[in-house]
Amino acid sequence: MAVAPFLAEIAVTQHGTFSVQKLIESVRSPSEAAVIANGVHPDQVPLLINDGNGAHVVSKILSCLPAEHRDFLYAGIAAHVVETCNHRQGCCAVQRCIEVATVEQFQCVEDAVMRHIFTVLSDPFGNYVVSRLMDRGAALYGSSPHPSSSTAGLSVTNERCAQLQRYADA
């Protein structure tokens, strides 16, 4: 019986998280990395990201697997952006993912957040994700956003946030 299809379910258990982390640490070849990447479907990413044990596994994936084998994380975040960004545990894991994302992975998450910007931005946890996107976008693209990046929309969001803050203070 193959274990790969059950990695997410195993990773969120108290003892399974340790085993899955050790398994990820032991990856030595692209084919082994692909087994891990293919073992977690993007629809299972919220299960990992929103769970304390699963978030440790996500951190291990980010530190041990090459960028091309982490695309499933970003696809899962993008497909479940509100569920992951607006979750207490999830927002922290999403921020870690943003910090190490390739430009393409960053844009995947950024585009998804922009589609739900006010829902994410108005959440006590999601607003941290938007802030991290803005910081990382500035680091990736400098002071002017990359033309294909939704970060251009974040400057509008900055202005809107200032308006919302003035409204809240009134």
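Located above this text is the structure these notes cover.
Just so we're clear, the structure is a prediction, and the values are computed from it rather than from any experiment.

A short note on the overall build of the chain
When helices and strands are counted, the chain shows 12 helices and zero strands. The helix and strand sequence of the chain, counted from the amino end, reads α-α-α-α-α-α-α-α-α-α-α-α. The proportion of buried residues among the 170 residues of the chain is 42%. Here the analysis covers contacts within the chain between residues at least 6 apart in sequence; of these, 74% occur between residues at least 24 apart.

Details of helix α5 (residues 52-64)
With 13 residues, α5 should reach 18 Å at 1.5 Å per residue; the first-to-last C-alpha distance of 19 Å fits that figure. Three or more residues of α5 are buried, namely G54, A55, V57, V58, K60, I61 and L62. Structurally, the start of α5 carries an N-cap: the backbone nitrogen of N53 is 2.9 Å from a side-chain oxygen of D51.

Observations regarding the nonpolar core
In terms of nonpolar packing, the biggest core is built from 44 residues, with L73, V113 and V129 touching the most fellow members. Dropping the residues within four chain positions of it, V129 is found in contact with C85, C91, V94, Q95, I98 and V113.

Quick notes on the packing of α5 against helix α8 (residues 88-100)
Packing of α5 against α8 leaves a shortest axis separation of 10 Å and a crossing angle of 5°. Regarding the angle of α5 to α8, the classification is roughly parallel. Judged by residue contacts, G52, A55, V58, S59 and L62 of α5 engage Q89, A93, R96, C97 and V100 from α8. Residues that form the contact of α5 with α8 fall into these classes: six nonpolar, three polar and one charged.

What counts, and at which threshold
Residues numbered from 1 in each chain as written. Predicted model: local features only at pLDDT ≥ 70, side-chain atom pairs only at ≥ 80, totals over all residues. Heavy atoms only, no water. Helix = DSSP H or I, 4+ residues; strand = E, 2+ residues; numbered from the N terminus. Buried < 20%, exposed > 50% of the residue type's maximum accessible area, 1.4 Å probe, protein only. Contact = heavy atoms within 4.5 Å. Expected span 1.5 Å × (residues − 1). Polar contact = N/O pair within 3.5 Å; in protein donor to acceptor, adjacent residues only side chain to side chain. Core = buried A, V, L, I, M, F, W, Y, C linked by side-chain atoms within 4.5 Å. Axes fitted to C-alpha atoms, helices over the stretch in contact; angles between N-to-C directions. Parallel < 35°, antiparallel > 145°, perpendicular 65-115°, else oblique. Nonpolar A, V, L, I, M, F, W, Y, C, P; charged D, E, K, R; others polar.

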